[in-house]
Amino acid sequence: DTEVTQTPKHLVMGMTNKKSLKCEQHMGHRAMYWYKQKAKKPPELMFVYSYEKLSINESVPSRFSPECPNSSLLNLHLHALQPEDSALYLCASSPNEGGRRGYEQYFGPGTRLTVT
Amino acid sequence: RKEVEQDPGPFNVPEGATVAFNCTYSNSASQSFFWYRQDCRKEPKLLMSVYSSGNEDGRFTAQLNRASQYISLLIRDSKLSDSATYLCVVNLLVFGAGTILRVKS
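Reading guide: rules and limits
- Residues numbered from 1 in each chain as written.
- Chains lettered and ligands numbered in written order.
- Predicted model: local features only at pLDDT ≥ 70, side-chain atom pairs only at ≥ 80, totals over all residues.
- Heavy atoms only, no water.
- Disulfide = S-S within 2.5 Å.
- Helix = DSSP H or I, 4+ residues; strand = E, 2+ residues; numbered from the N terminus.
- Buried < 20%, exposed > 50% of the residue type's maximum accessible area, 1.4 Å probe, protein only.
- Pairing = 2+ DSSP bridges.
- Axes fitted to C-alpha atoms, helices over the stretch in contact; angles between N-to-C directions.
- Contact = heavy atoms within 4.5 Å.

Caption draft 1: Focus on the state of the cysteines. Residue and element names in this part refer to chain A. Enumeration over the complete set of coordinates arrives at 2 disulfides over all chains. At a sulfur-sulfur separation of 1.9 Å, the disulfide partner of Cys 23 is Cys 91. Between Cys 23 and Cys 91 the disulfide shows an S-S torsion of about -70°. By sign, it is left-handed. With Cys 23 in strand 3 (residues 18-25) and Cys 91 in strand 9 (residues 87-94), this pair connects stretches of sequence that are 68 residues apart. Note on Cys 68: no disulfide assigned, nearest cysteine sulfur contributed by Cys 23 at a separation of 9.3 Å. Note on Cys 68: relative accessible area 14%, which makes it buried.

Caption draft 2: How the structure looks around the sheet that holds strand 8 (residues 73-79) of chain A. All names here are of chain A. Strand order in the open sheet formed by 4 strands is 1-3-8-7, with antiparallel pairing between adjacent strands. In this open sheet, the two edge strands, each paired with only one partner strand, are strand 1 (4-7) and strand 7 (64-70). Each adjacent strand pair in this sheet contributes to an overall mean axis angle of 20°, direction not counted. For strand 7 and strand 8, the ladder comprises 5 bridges, and the chain directions are antiparallel. Paired with Glu 67 across the bridge in strand 8 is Asn 75.

Caption draft 3: Summary view of the environment of B:Val103. Residue and element names in this part refer to chain B. Considering the arrangement of structural elements, one finds Val 103 in strand 11 (residues 99-104). Its relative accessible area of 6% is what places Val 103 among the buried residues. Sequence separation between Val 103 and Asn 12 is 91 residues, and the spatial gap between their C-alpha atoms is 5.9 Å. With residues up to four places along the chain from it excluded, the contact list for Val 103 reads Val 13, Pro 14, Glu 15, Ser 78, Lys 79, Leu 80, Asp 82 and Ser 83.

Structural data, given as structure tokens:
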């Protein structure tokens, strides 16, 4: 089973709201990722967690706050977003952060976020 | 120069055609290479890992050319369902901009 689940599927929020995106995998993967994808663009890496610790933050604004409560869960807390933050937010996991042969990433279906 | 470059296309081909895409990468120390396909408004799905020896999965063949720093994807006997954007990924995290394939009947 190579399933990564994400909730909610769609989210509309105002610029003063606080919301959270959730991601879960039960494949025993030890690396989890958040990506942002705008229309007609490739996914853009935001954060990487490896063994539940933040290992990469791609200079993401502090209005995005990741959290990894355990090895199966990854959250993205959102606060005071801007309309330009509207995008598809993708979660992914891989067995390890190493990116070697056999360590492919598997993506969840994404949360389509609209900031009004 | 971008880390990973792909021809954005679109490649418009008839059903049954053979089509090939290339993806060039700038970091000669790159270790891992993947092809993903992404349908409109869906998540990327792993199509193939690309190994040094090349690999084949049904109608799909992937090759790695380290000397020239590119990977390729060959699709034989194209189906309408192959229409998608094909993303090249290097070192797990570096995505190309994608190549659009449209297969027409």
